[in-house]
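# Overview (structure and organization)
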Amino acid sequence: MLFMLATSVSFAQETIGTNQRLVSSGIPFFVPHWYIKLQGGGAFDRGEAKFTQLLSPSVQIAAGYRFNELFGLRGTVSGLWARNRYAYPEAGYRWNYVQPSIDAELDLTQLFLGRQPHRLWSVYAFIGGGAAFAFNNDDAVEANKRYGIDFQKLWEKNLWSPVLRGGLGADIRVADEISIGLEVNTNMLSDHFNSKRGKGDNVDWHFNALLGVKFNIGSSHGRTAPIYETIDTPAPRVEPAPSQFVDVPIEKISFNVNIYFLINQSIIRDNQIAKLTALLKYLNEHPKAFIRLSGFADKDTGNPTINMRLSRERSQVVSDYLMNAGVPEWRIRRFAKGDTVQPFDIPEDNRVCICFVYDPENPVPQAFEY
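None of the values given here were measured: they were computed from a predicted structure.

## Some thoughts on the sheet that holds strand S9 (residues 178–190)
- The antiparallel closed barrel is built from eight strands, whose spatial order is S3-S4-S5-S6-S7-S8-S9-S10. Taking the axes of each pair of neighbouring strands and ignoring which way they run, one obtains an average angle of 25 degrees across the sheet.
- Note that strand S7 (residues 121–135) and strand S8 (residues 158–175) share 15 bridges and pair antiparallel. Bridge pairing in S8 places Gly-128 opposite Arg-165.

The structure is reproduced here in structure tokens:
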């Protein structure tokens, strides 16, 4: 089997090498998907006692859907038991609870570091709400009878409480569809939750720190098929020294090609591939041509720091694309303008990398078709 595989690979490489040229090795893209997350850890209920006396175990099960690199929605069921203490006379007690919630998630890593469909790690924030069902408050009821404690907000059979919650989490991918992660969350509940009157008669606070594993249902990312260009004979390359690059004024360029990006992204989209394919064909047929890549960002979104990074990434990703397809680096210059220059009147059009081509054999400006 290894011999057959090696033979097949060798044959495929030979076929590609003799009559095909690789234009694109494939563009990664995000795939909307469902996921399940199982978590366990510790819970802390605020009260007038030592930190260790208010700790209890907690579990959470979540099922969610990621709509894109940034946003997701999940439903969770958490709970087990909670603990608290009454100071005078001192009495410890615990009760059980189950809390279903719905949370909206925002991936902070993709938001601030750029969208990458197959990122190794991510940090996310969430906010949501639900209801807590508390039951089995026998310890507090017994302490009330035995010591005559005035809990003031003691409940006996069960208790429903609305919940507002939020938190942060981090996931690290250990396999294509499996991640491990840590999450901390804060839950704001009715002041009746721990049976005691809180300071200022406001609300009770319940905190969780959870470690867990996340399973994606189906693929979370994909890659477009490689693109090859059929050629009869390889075009001869004339490779002058790197110092022969000529950076000419914009008005003397032969033509330009605009590669547009989505907001806060530096990933080449499928609908821009045709432009790059035609550009690569021209560069291969005109080995004396040079290319200047200028990345831009829309000043109506983000901030100068983020926009400068985005413009740099956009010129870099186009440069990498061209070099992976065989264009030598000495024929390319990269520039990042951030949002200091807005070449177009329409804000969305400024999310662009403009490819300026100067060809000494065709110095007169011309139209570029693809």
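Following the structure, the description resumes.
## Section: helix H5 (residues 304–324)
- An ideal rise of 1.5 Å per residue puts 30 Å on 21 residues; H5 measures up with 30 Å between its terminal C-alpha atoms.
- Those residues of H5 lying buried are Ile-306, Asn-307, Arg-309, Leu-310, Ser-311, Arg-314, Ser-315, Val-318, Ser-319, Tyr-321 and Leu-322.
- The N-cap of H5, judged by a side-chain oxygen 3.0 Å from the amide nitrogen of Thr-305 a few residues on, is Asn-303.
- In the segment just after H5, Gly-326 is the residue with positive phi, at about 115 degrees.

## Focus: the side chain of Asn-187
- Mapping Asn-187 onto the fold places it in strand S9.
- Overall, the relative accessible area of 1% leaves Asn-187 in the buried class.
- Polar contacts involving the side chain of Asn-187 include one to the side chain of Gln-99, which spans 2.9 Å.
- Among the polar contacts made by the side chain of Asn-187, one reaches the side chain of Asn-185 at a distance of 2.8 Å.
- The contact partners of Asn-187, leaving out residues within four places of it in the chain, are Gln-99, Val-163, Leu-164, Arg-165, Asp-204, Trp-205, His-206 and Asn-208.

## Here's the deal with the packing of aromatic side chains
- Tallied over the entire structure, the rule returns 15 aromatic pairs.
- An aromatic cluster of three or more residues is present, and its members are Tyr-86, Tyr-93, Trp-95, Tyr-97, Phe-151 and Phe-193.
- Seen from the ring of Phe-126, Arg-74 lies directly overhead, with NZ or CZ sitting 4.4 Å from the centre.
- Over the face of the ring belonging to Trp-81 we find Arg-94, whose NZ or CZ atom lies 4.0 Å from the ring centre.

What counts, and at which threshold
Numbering of residues starts from 1 in every chain and runs along the sequence as written. The predicted nature of this model means local features are confined to residues of pLDDT at least 70 and side-chain atom pairs, given and counted, to a pLDDT of 80 or more, with totals for whole chains, interfaces and linings taken over all residues. Only hydrogens and water are removed before side-chain values are computed, so all heavy atoms of the structure are retained for them. One requirement defines pairing of two strands: DSSP has to find at least two bridges between them. Counting from the N terminus, the helices are DSSP H or I runs at least four residues long and the strands are E runs at least two residues long. Only the stretch in contact is used when fitting a helix axis, every axis being a line fitted to C-alpha atoms; angles between N-to-C directions are given from 0 to 180 degrees. By definition here, a helix of n residues has an expected span of 1.5 Å times n minus one. For every residue, the accessible area obtained with a 1.4 Å probe (protein chains only) is divided by the maximum for its type, and the residue is called buried under 20%, exposed over 50%, and partly exposed between those limits. Residues adjacent in sequence count toward polar contacts only when both atoms are side-chain atoms; beyond that, a polar contact is any pair of N or O atoms within 3.5 Å, and within protein one must be able to donate a hydrogen and the other to accept it. Contact definition: two residues touch when any of their heavy atoms are within 4.5 Å. Note on ring pairs: Phe, Tyr and Trp rings are taken, using the six-membered ring of Trp, and paired if centres are within 6.5 Å. Classes follow the plane angle, with under 30 degrees stacked, over 60 edge-to-face and the rest tilted. Charge-over-ring placement is defined geometrically: NZ (Lys) or CZ (Arg) within 6 Å of the ring centre, and within 35 degrees of the ring normal.

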